[in-house]
Amino acid sequence: TALSISGNVTCSGTGQLKLQAGTTAQRRGSPAAGMLRFNTSLNGFEGYNGSVWGGLGGGNPWATKTSNYTAVAGDRLFVDTGNAAVTITLPANPGIGDQITFMDLAGSFDTNALTVARNGQDIFNVAQDLIVNTEHAAFALVYTGANNGWKQLNLM
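Residues numbered from 1 in each chain as written. Predicted model: local features only at pLDDT ≥ 70, side-chain atom pairs only at ≥ 80, totals over all residues. Heavy atoms only, no water.

1. Structural notes on the overall build of the protein chain
Here is step 1 of the chain: Summing up its helical and strand segments, the protein chain has 0 helices and 13 strands in all.
Here is step 2 of the chain: Taken from N to C terminus, the helices and strands of the protein chain fall in the order β-β-β-β-β-β-β-β-β-β-β-β-β.
Here is step 3 of the chain: Within the protein chain, the proportion of its 156 residues that are buried is 33%.
Here is step 4 of the chain: Contacts in the protein chain between residues far apart in sequence, at least 24 positions, make up 42% of those at least 6 positions apart.
Here is step 5 of the chain: Carbon and sulfur atoms provide 49% of the accessible area of the protein chain, an area that totals close to 9300 Å².
Here is step 6 of the chain: For the protein chain, the separation between the mean place of its 8 positive charges and that of its 9 negative charges on side chains is 15 Å. (Helix = DSSP H or I, 4+ residues; strand = E, 2+ residues; numbered from the N terminus. Buried < 20%, exposed > 50% of the residue type's maximum accessible area, 1.4 Å probe, protein only. Contact = heavy atoms within 4.5 Å. Areas by Shrake-Rupley, 256 points an atom, 1.4 Å probe, with all protein chains shown as cover. Lys, Arg positive; Asp, Glu negative; His and termini not counted. Charge placed at Lys NZ, Arg CZ, Asp CG, Glu CD.)

2. Observations regarding the pattern of salt bridges
Here is step 1 of the chain: For the structure on display, the rule yields 3 salt bridges.
Here is step 2 of the chain: The salt bridge involving Arg27 is made with Glu46; its shortest N-O contact spans 2.7 Å. In this pair, Arg27 sits in the loop between strand E1 (21–22) and strand E2 (36–39) while Glu46 sits in strand E3 (residues 44–48), placing the two residues 19 residues apart along the sequence.
Here is step 3 of the chain: A residue is classified by how much of its surface remains accessible, and Glu46, at 2% relative accessible area, is buried.
Here is step 4 of the chain: Here Glu46 and Arg37 are joined by a salt bridge, their closest N and O atoms 2.7 Å apart. For the pair Glu46 and Arg37, a shared accessibility class is recorded, and that class is buried.
Here is step 5 of the chain: Salt bridges here are not isolated pairs; linked through shared partners, they connect Arg27, Arg37 and Glu46. (Salt bridge = Lys/Arg side-chain N within 4 Å of Asp/Glu carboxyl O.)

3. Things to note about the sheet that holds E1
Here is step 1 of the chain: Taken in spatial order, the 4 strands line up as E1-E2-E3-E4 in an open sheet, and their pairing is mixed. Both edges of this open sheet fall to E1 and strand E4 (53–55), since each of them pairs with a single strand only.
Here is step 2 of the chain: Taken together, the 3 bridges between E3 and E4 define a ladder with antiparallel strand orientation. The residue of E4 that forms the bridge with Glu46 is Gly55. (Pairing = 2+ DSSP bridges.)

4. A short note on the sheet that holds strand E7 (residues 76–79)
Here is step 1 of the chain: An order of E5-E7-E9-E12-E13 is seen for the 5 strands of this open sheet, with the pairing classed as mixed. Only two strands of the sheet have a single neighbouring strand rather than two, namely strand E5 (62–65) and strand E13 (150–152). On average, adjacent strands in this sheet sit at an angle of 25° to one another, irrespective of strand direction.
Here is step 2 of the chain: Note that strand E9 (residues 99–104) and strand E12 (residues 138–143) share 5 bridges and pair antiparallel. What sits directly across from Ile100, in E12, is Leu141. (Axes fitted to C-alpha atoms, helices over the stretch in contact; angles between N-to-C directions.)

5. Remarks on a nonpolar patch on the surface
Here is step 1 of the chain: A contiguous nonpolar surface patch, about 350 Å² in accessible area, is contributed by Leu3, Ile5 and Val9.
Here is step 2 of the chain: Following the sequence through the fold, Leu3 ends up in the segment before E1.
Here is step 3 of the chain: Judged by its relative accessible area of 73%, Leu3 is exposed. (Patch = residues over 30% accessible without salt bridge, like charges linked within 9 Å, V, L, I, M, F, W, Y side chains within 5 Å.)

Here is the structure:
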């Protein structure tokens, strides 16, 4: 059963507020903007902004990727291309301000490149995927909107 409260809710004292917890697969089928929960698959808090679930605070927990993966808003990725090239696909429907962070975990982007697949949105105002072949590169991309697409937030 659901409890519905209108107006503000004030909690006082030194206790805690317990949010609902569950796996990524257990997310509500029709979420509403402003929903909050603890994701036990990602081991972090997340909120729904009206179009996608995203990590709260500093972003999603750091995750290591050694094979192709489709990123979600707030991802912080250690990418290991030590054994093979890896393609990380950007979200299909990003929101303005969505951010994805990448780091060359094994120092092997120069041997096996990271491909950041644009998934229909421009990267640096260009309609092509980003190939990263700089050893030990670390950078973040932030989505600025349909006119300019994904832009680099910090240096490689």
